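# Secondary and tertiary structure notes
Below, each chain spelled out in residue letters.
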Amino acid sequence: MNGIHDMGGLHGFGEVPVETDEPVFHARWEGRIFAMTQVLDTTGIYNLDEHRHEIELMHPADYLRDGYYGRWLFAMERILDRKLILRRTEVDRRLDEQAANIPKFSTLTPQRQWPLTAQQKIRWGAQRPEEPITPSFAVGDRVRVRNLHHSGHTRLTAYVRGRAGVVSKVNAESWIYPDTRAHNVGDNPQAVYNVTFDAQELWGDAAEPGTKINVDLSEAYLEHDET
Amino acid sequence: MTNHDTDNHDHDHDHAHHHRHADSERPGHSHAPTKPWQATRAEAVEALLHELGVIDSARVDEIVQHYEEKVGPKTGARVVARAWTDPAFKQRLLADGLAACAELGIGGPETELLHVVENTDNVHNVIVCTLCSCYPWPVLGLPPAWYKSSAYRSRLVREPRTVLAEMGLSLAPQVEIRVWDSVSEIRYLVLPQRPAGTENMSEDELAALVRRNAMIGVAKVAAPEVPS
């Protein structure tokens, strides 16, 4: 999807804000949300690309305002709600009861999709080694990035779409295809290529001299460059 | 300061009117004014998930501690110092980063392939993730806030020389800059150049010189200060 998360090349964000002696987490809740997500990642409730896509689905204003771990909190709540693990209404009720100093919280309803059966669990991991693949491109090939604009999840950054580059590395492992896995419609393992772009190809006259941009791209994002 | 970015942290989120969820802005939902709403919400979610048996809070404690205390730039500095002192290790590191790191007992989640890129006199490498904030956690720990900022993510691919200069690294025009936008599951680590004047230093002394920013590529490893 063409969203605010796809930031490569945007103007207007000012200088890079560098903080000295920065802590790993700026507040306790950030560490809790980070680590809770790590634990949830192992439960089979969702996969990595679903998590990323949930963040991308935030309203752009919220995305910019909530900060990095605020986005993770948002994604966690939405995924757990959507997958019927923990409903948003249950979190809201608990907060209401806490605010009202109710001594004993109401009992949670037993109806939920937890625990998951082995069949229900979604597999983690970015590779599917049991499904070997054959790469279509080789190092040195000129490729052009397809001009794809589908509304779902993708790792195809907007700033390289339609642009031509040269394959600099072939990662011939069986990498899952994020665009389909995020929606649980297939892993579609395929090669991932590192493609080198001249800055001029991406940014025209605004390019800085002597710079190259290397981007990792799934095979389905690429075609042979005919020009 | 010209920073208009709100990505850093949450100090402006301590009022209920910032709250995204209209259904929790009802009367009776006021929290202590000093506590960010996200903290309140995170605590409730964690308590409920623990009660339901979906997560174990003790495991959450362990993971927080791991990333606060056990893994970080010092992990990556060991890898760099070994590469500087052991040419055979360096070749293995450039060929297969994860396998070489495993020799040093380094590994962990969120990295399934590590591509180590080497700086030379003529080429300077620098890493970004324009789509989220992908970063080699097992080698460098969690990324700094600036790496996750909208400014860094938007600008580095478009004007790397300017961004690096602003961050204190002015490169000669003849030095080619290679930006690695790590938007797939492949992670990157920059192997910085070994500074002059370190020929007699031990591996541990070298590791102490290597900072996080040099392994992301927004700084060089500074030469040791000569005692006067």
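Residues numbered from 1 in each chain as written. Chains lettered and ligands numbered in written order. Predicted model: local features only at pLDDT ≥ 70, side-chain atom pairs only at ≥ 80, totals over all residues. Heavy atoms only, no water.

## A few points about the UniProt feature "domain: Nitrile hydratase beta subunit" (unreviewed entry) in chain A
The following threshold applies: UniProt positions are given in the numbering used here, feature names are shortened, and annotations may be inferred rather than shown by experiment. Under the DSSP-based scheme used, a helix requires at least four consecutive residues in state H or I and a strand at least two consecutive residues in state E, with every element numbered from the N terminus.
Cross-referencing UniProt, the feature "domain: Nitrile hydratase beta subunit" (unreviewed entry) maps to residues 128–223 of chain A in the present numbering. Here residues 128–223 of chain A is 9% helix and 36% strand, with 23 Å between the C-alpha atoms at its ends.

## With respect to the interface of chain A and chain B
Basically, it comes down to this: When checking whether two residues touch, look at their non-hydrogen atoms; a contact exists if any pair is within 4.5 Å. A simple way to read buried area is as the amount of 1.4 Å-probe accessible surface that goes missing from two parts once joined, with both sides added. Note on residue classes: Ala, Val, Leu, Ile, Met, Phe, Trp, Tyr, Cys and Pro are nonpolar, Asp, Glu, Lys and Arg are charged, and everything else, Gly too, is polar. At least two bridges found by DSSP between two strands are what make those strands a pair.
Chain A puts 90 residues into the contact, and the matching count from chain B is 88 residues. Roughly 8100 Å² is buried in total at the junction of chain A and chain B, and carbon and sulfur atoms are behind 58% of that figure. Counting residues per element, the ones that place at least two in the side of chain A that touches chain B are helix H1 (28–41), helix H2 (48–56), helix H3 (60–82), helix H4 (88–99), strand E2 (164–175), strand E3 (190–198) and strand E4 (211–218) of chain A. Ranked by residue count, the leading element in the side of chain A that touches chain B is H3(A), at 16 residues. Its residues assigned to classes, the side of chain A that touches chain B comprises 44 nonpolar, 21 polar and 25 charged. Sheet topology note: the E4(A)/strand E3 (residues 176–181) of chain B ladder contains five bridges and is parallel. Counted as the bridge partner of Lys212(A) is Arg178(B) from E3(B).

## Quick notes on the environment of Val160(A)
Take Val160(A): it is sitting in the loop between strand E1 (142–145) and E2. Dropping the residues within four chain positions of it, Val160(A) is found in contact with Val145(A), Phe197(A), Leu202(A), Val215(A) and Leu217(A).

## Details of helix H1 (residues 37–52) of chain B
Our working rule: Expected helix span is given by 1.5 Å per residue-to-residue step, counting one fewer step than there are residues. Summary of the burial criterion: residues with accessible area below 20% of their type's maximum are buried, those above 50% are exposed, and those between are partly exposed, where the area comes from a 1.4 Å probe applied to protein chains only.
Look at H1(B): 23 Å from first C-alpha to last across 16 residues, which is about the 22 Å you get at 1.5 Å a residue. Of all 16 residues that make up H1(B), twelve are buried, and the element is covered over most of its length. Among all positions of H1(B), only Trp37(B), Gln38(B), Ala39(B), Thr40(B), Arg41(B), Ala42(B), Ala44(B), Val45(B), Glu46(B), Leu48(B), Leu49(B) and Leu52(B) are buried. As for H1(B), its buried residues are in contact with H1, H3 and H4 of chain A together with helix H2 (57–70) of chain B. Residue Gly53(B) follows H1(B) closely and has a positive phi angle near 80 degrees.

## Some thoughts on the pattern of salt bridges
Quick note on the threshold: Here, a salt bridge means any side-chain nitrogen of Lys or Arg that lies within 4 Å of a carboxyl oxygen of Asp or Glu.
Applying the stated rule across the entire model yields 34 salt bridges over all chains. The partner of Glu50(A) in a salt bridge is Arg82(A), with the nearest N and O atoms 4.0 Å apart. Taken together, the residues span a long stretch of sequence, with Glu50(A) in helix H2 and Arg82(A) in helix H3 at a distance of 32 residues. The partner of Arg65(A) in a salt bridge is Asp62(A), and the shortest N-O contact between them spans 3.2 Å. Remark: Asp62(A) and Arg65(A) occur in helix H3; sequence separation between them is three residues, near one turn of the helix. Classification of Asp62(A) as buried rests on a relative accessible area of 14%. A single network of salt bridges, built from pairs that share partners, joins Asp49(A), Arg52(A), Arg181(A), Glu185(B) and Arg187(B).

## Comments concerning the nonpolar core
We count it as follows: Among buried residues, the Ala, Val, Leu, Ile, Met, Phe, Trp, Tyr and Cys ones that are joined through side-chain atoms within 4.5 Å form a nonpolar core. Throughout the structure description, domain borders are defined by an automatic or database domain assignment.
Residues Phe34(A), Ile45(A), Leu217(A) and Tyr152(B) are the most contacted members of the largest nonpolar core, which totals 130 residues. Ranked by residues supplied to this core, first place goes to H3(A) with ten residues. In terms of domain composition, this core takes at least three residues from each of domain 1 (1–125) and domain 2 (142–224) of chain A. Those residues in contact with Tyr152(B) that sit more than four places away from it in its chain are Val16(A), Val126(B), Ile127(B), Val128(B), Trp146(B), Tyr147(B), Val163(B), Met167(B), Ile216(B) and Val218(B).

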